[in-house]
Amino acid sequence: MDLRFGLSKLFGKTIFFFLRVLGKGATALPGLWAIKIDPNFVYKSAKNQNCIVITGTNGKTTTAHALAKILKDANQTITHNLSGSNLLRGVATTFLINKPTDWAIIETDEAAFSTIVPQVQPKLIIILNLFRDQMDRYGEIDKTAKLWQKTLSNLNFKSTVLLNADDPMLGYIGQKKSITSQHKIIFFGLSDFKIGGKISEHAADSLLSPTNNKKLKYKHFFFSHLGIYHEPESNFHHPKLDFKIENIKLKSFQGSEFKIIDTEVIDLKTNLPGVFNIYNLSTAVIAAKILNIEDTIIKKSIADFKPAFGRAETIKIADKKITFLLIKNPVGFNQIISLLQDDIEHKDLLIGINDQIADGTDVSWLWDADIERLTLIADHFTTTGTRAHEMALRLKYAGFRSDEITIVNNPKDALDNFIKNSQKENLYCLLTYTTMIELRQKLVKLKLVKPFYE
Amino acid sequence: MNNPEFFDTPGKKQLTIVHLYPDLMNIYGDRGNIIALKQRALWRNIDVKIIPISLGDNLETGIADIYFLGGGQDSSQNVVANDLQRLKKIIKTDVENGTVALTICGGYQLFGHYYKDQKGKKLKGISIFDAHTIAGKKRMIGNIKIKTNIIDPGSIILGFENHSGQTFLGKNEKPFGRVLKGYGNNPRQHQEGIIYKNAIGTYLHGSLLPKNPGLTDWLITKALQRKYSDFELSPLDDKLEEKTFKEATSRF
């Protein structure tokens, strides 16, 4: 019996129990203490589990939830780390409070990837994308890419690595000798050129080739820096796809239809909106196929999959339908704007910007997002959060008049105000992580939604 | 981007911004500075032309009223440093003649003599500023507040800094401001940025110009006074800018 491990479990569980009695989310603290007592806590807990690790800047939570649902629908037992707590301590808490299951699905923060992967020794590693995000925490994306590459090259076990080929950094990682010689690489990507175009958006940020720092040439952009790229001098190409995503039909907030093709075709339907969700759900589907789940189960599971916490979740309040959309970086913000544009109805928006650590303390990303595109579809804005004025200023410089913007600092009051004053039936709230949590608490009190940690 | 038709409006004043490497040097919302310059000029009925200059593009002296160069990732910065040598003489001539320039973070470093990385390798700049930068171990990150006498005596400027490079000015050079909160050029001297003639180098992202409209107007005024001797900017309603500035002040 490992005394240290046993003690860390006991202590962590006790903290968890007390926090829950107090009605707290308790996603980080118990794990933090378990690791303090036994630094190898996560490694020891994961030893008898099949683990899947998911990382990437955008889409982790949706992908992890979709994969969890497919596996559950296939009668597998799963553990999944608690909403939004994707640092090592969050993973520790997850192991602390769950019995061993068939699969543990672990979302990790981009930076925590290199500490979590060697400890949990995953059978399957999924990397979605690498965008600019909260650079006050992670530094620059080149550094994150190098860290991922180093982590994958130095693992002392073989894993299957599922990569988004449309992201040049991941295309590069998956074609690198030190990684291909050790792991099984599977590439997926879009193959429908109705999506996107020949010109990049402003927030494209990985335009130099990772091979030689020459400018990457693009045949096509899907969005941001995701596309079909190549760099002739170093003979660097968008990799050959193992799974192609085709025949995409976008129906704005009504969801989408698409096909995934390898040796066979699987037709999929989802209620989740936007191209970014097609990437997320396709990743979950392909992961499930790699784990030998039957197509019929996958199809059904995706068709009735509901969005994760705050990811295009729709809630009815009085006679209004309110959609909650998480924003956390310029690429994500642009994707939400595209989605709002897909549907020609004019909209009133609530935008909540906090600058807590979980949101990123640097708000400069608001200036990188293509807010100007909202002028075509937005009538009125309510801005809220600790940086409500910064957001209002961004709108002013995008060309909106002061009478088109209402500033209400407190998010809860802002939501009341927004619901009361908008004449529109469909309302949209674009929120950073902690403003989302604040509003969520209000909705829990009104008994409209469940607490996020359930 | 190129809108020559704007220039046919008779009697209208014209502002030309040369945006250096917008595709490569554009992190931390530096694009917000271009948006602020453009909008605050347009709101005063001044025509604005923005010329993007990137790898291999031609440039001549006397075209720019304002040069802007933002920050980039290390990989971009290496490529840009190389290409910038081609334009060194042109930019130097213009700045010596009083052309306005705003350079931020990586851009500021490249306008100095060199950037020396952790391994001691030097990345050559274009020596507009008598300054050099040495990579430090500590990342200087967070909200920053400085005091400068350039706009009005004792003006306060706010931004967000995120750099590990430590910049040191030549002994005759004047810093852009004094650090009240944060780091600035380096952790020891409490100096922030540089001002040489009408060219500013600074570590302030944020975006810098939108919530510091006094600085934006100073840049526009300096740029247009060279072309139009009697030029004065008309006032704008800056209530929201002032409130945003206050909000940013409260986040320290």
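In this text the structure is predicted, and so the values were computed from the model without any measurement.

A. Highlighting the overall build of chain A. Each helix and strand counted, chain A has 17 helices and 18 strands in total. By the compact-globule yardstick of 22 Å for 454 residues, chain A fits well, its C-alpha radius of gyration being 22 Å. Scored against the burial criterion, the 454 residues of chain A give a buried share of 62%. The contacts in chain A between residues at least 6 apart in sequence include a share of 71% that link residues at least 24 apart. Carbon together with sulfur atoms contributes 53% to the accessible area of chain A, which is approximately 18,000 Å² in total. In chain A, the 58 positive side-chain charges and the 48 negative ones have mean positions that sit 5 Å from each other.

B. Inspection of the sheet that holds strand β11 (residues 256-261) of chain A at higher detail. Residues and elements named next belong to chain A. Strand order in the open sheet formed by nine strands is β2-β3-β1-β4-β5-β6-β10-β11-β12, and the pairing between neighbours is mixed. The open sheet terminates on both sides in strands that have one partner only, identified here as β2 (78-80) and β12 (265-270). On average, each strand axis in the sheet is inclined to that of its neighbour by 20°, with strand direction left out of account. In this structure, β2 lies alongside strand β3 (residues 103-107), joined through three bridges in parallel fashion. Its bridge partner lying in β3, Thr79 is registered against Ala104.

C. Broad picture of the pattern of salt bridges. Throughout the structure, instances matching the rule amount to 38 salt bridges over all chains. Measuring nitrogen to oxygen at the nearest pair gives 3.2 Å for the salt bridge that ties Glu257 of chain A to Lys251 of chain A. You can call Lys251 of chain A partly exposed: its relative accessible area is 38%. In this structure, Asp403 of chain A engages Arg401 of chain A in a salt bridge whose closest nitrogen and oxygen atoms are separated by 2.9 Å. Within this structure, Asp355, Arg387 and Glu390 of chain A together with Lys211, Glu247 and Arg251 of chain B form a network of salt bridges that share partners.

D. Summary view of the side chain of His238 of chain A. All names here are of chain A. For His238, the location among the structural elements is in the loop between β9 (236-237) and β10 (243-250). Side-chain polar atoms of His238 contact the side chain of Asp166, separated by 2.7 Å. The contact partners of His238, leaving out residues within four places of it in the chain, are Ala165, Asp166, Gly227, Ile228 and Tyr229.

E. Seen up close, the domain arrangement of chain A. All names here are of chain A. For chain A, the domain assignment lists domain 1 (50-79 + 105-303) and domain 2 (311-445). Taking only C-alpha atoms into account, the centre of domain 1 sits 28 Å from that of domain 2. Taken together, the 23 residues of domain 1 in the interface contact 25 residues of domain 2. At the junction of domain 1 with domain 2, the criterion picks out zero salt bridges. Inspection of the region where domain 1 meets domain 2 yields two residue pairs in polar contact (both at pLDDT 80 or more). Put simply, the parts of the chain that give the side of domain 1 that touches domain 2 at least two residues each are α4 (60-73), α7 (135-138) and α11 (275-290). In terms of residue count, α4 provides more of the side of domain 1 that touches domain 2 than any other element does, three residues in total. Class assignment for the residues of the side of domain 1 that touches domain 2 results in eight nonpolar, nine polar and six charged.

F. A look at the sheet that holds strand β12 (residues 199-202) of chain B. Residue and element names in this part refer to chain B. If you trace the six strands from one edge of the open sheet to the other, you get β2-β1-β3-β4-β12-β11, paired in mixed fashion. Single-partner strands in this sheet number two, and they are β2 (47-53) and β11 (194-196). Put simply, the sheet's adjacent strands are angled 15° from each other on average, direction ignored. Strands in contact with helix α1 (residues 31-42) are β1 (14-20), β2, β3 (66-69) and β4 (100-104); relative to β2, the strand with the most contacts, it is inclined by about 155°.

G. Inspection of the interface of chain A and chain B at higher detail. In this complex, chain A contributes 39 residues to the contact, which on the side of chain B involves 38 residues. Between chain A and chain B lies a buried interface of about 3,300 Å² when both sides are counted; carbon and sulfur atoms form 50% of it. Considering only the surface of chain A that becomes buried against chain B, Glu140, Trp367 and Tyr397 of chain A emerge as the three largest contributors, covering 20% of it. Here chain A is connected to chain B by seven salt bridges.

H. Geometry of the packing of α4 of chain A against α11 of chain A. Residue and element names in this part refer to chain A. Relative to each other, α4 and α11 sit at 40°, their axes nearing to 8 Å. Between α4 and α11 the crossing geometry is right-handed. Between α4 and α11, the residues in contact are Thr62, Thr63, Ala66, Leu67 and Ile70 and Asn277, Asn280, Leu281, Thr283, Ala284, Val285, Ala287 and Ala288, respectively.

I. Representation of the nonpolar core within the structure. Among the nonpolar cores identified, the biggest contains 103 residues, and Phe333, Leu374 and Leu430 of chain A together with Leu20 and Ile91 of chain B are the most heavily contacted of them. Contact partners of Leu20 of chain B, with chain neighbours within four places excluded, come to Ile53, Tyr67, Phe68, Leu69, Leu87, Ile91 and Phe111 of chain B.

J. Representation of the confidence of the model for chain B within the structure. With 96% of its residues at a pLDDT of 70 or more, chain B shows a mean pLDDT of 93. Confidence drops under a pLDDT of 50 for residues 1-6 of chain B, and excluding neighbours within four residues, the segment shows five contacts in the predicted structure.

K. A look at the packing of aromatic side chains. Evaluation of the coordinates by the stated rule reveals 19 aromatic pairs over all chains. When the ring of Tyr172 of chain A is compared with that of Phe236 of chain A, the centres are 6.1 Å apart and the planes differ by 85°; the resulting orientation is edge-to-face. Of the two residues, Tyr172 of chain A sits in helix α9 (residues 168-173) while Phe236 of chain A sits in strand β9, which places them 64 residues apart along the sequence. Judged on exposure class, the residue Tyr172 of chain A and its partner Phe236 of chain A are both buried. Ring centres of Phe111 of chain B and Phe129 of chain B lie 5.8 Å apart, and the angle between their planes is 50°; on these two criteria the pair is classed as tilted. One end of the pair, Phe111 of chain B, is in the loop between α3 (106-110) and β5 (114-116); the other, Phe129 of chain B, is in the loop between β6 (122-124) and β7 (131-148), and 18 residues separate them in sequence. Phe129 of chain B shares its class with Phe111 of chain B; the two are buried. We note Lys13 of chain B situated over the ring of Tyr228 of chain B; from NZ or CZ to the ring centre the distance is 5.3 Å. Lying across the ring of Tyr114 of chain B, Lys122 of chain B places its NZ or CZ 4.2 Å from the centre.

Conventions and cut-offs
- Residues numbered from 1 in each chain as written.
- Chains lettered and ligands numbered in written order.
- Predicted model: local features only at pLDDT ≥ 70, side-chain atom pairs only at ≥ 80, totals over all residues.
- Heavy atoms only, no water.
- Helix = DSSP H or I, 4+ residues; strand = E, 2+ residues; numbered from the N terminus.
- Rg over C-alpha atoms; globule rule 2.2 N^0.38 Å.
- Buried < 20%, exposed > 50% of the residue type's maximum accessible area, 1.4 Å probe, protein only.
- Contact = heavy atoms within 4.5 Å.
- Areas by Shrake-Rupley, 256 points an atom, 1.4 Å probe, with all protein chains shown as cover.
- Lys, Arg positive; Asp, Glu negative; His and termini not counted.
- Charge placed at Lys NZ, Arg CZ, Asp CG, Glu CD.
- Pairing = 2+ DSSP bridges.
- Axes fitted to C-alpha atoms, helices over the stretch in contact; angles between N-to-C directions.
- Salt bridge = Lys/Arg side-chain N within 4 Å of Asp/Glu carboxyl O.
- Polar contact = N/O pair within 3.5 Å; in protein donor to acceptor, adjacent residues only side chain to side chain.
- Domains from an automatic or database assignment.
- Nonpolar A, V, L, I, M, F, W, Y, C, P; charged D, E, K, R; others polar.
- Buried area = accessible area lost by both parts, 1.4 Å probe.
- Left-handed = near helix turned anticlockwise from the far one by under 90°.
- Core = buried A, V, L, I, M, F, W, Y, C linked by side-chain atoms within 4.5 Å.
- pLDDT = per-residue confidence, 0-100.
- Phe/Tyr/Trp six-rings, centres within 6.5 Å; stacked < 30°, edge-to-face > 60°.
- Lys NZ or Arg CZ within 6 Å of the ring centre and 35° of its normal.

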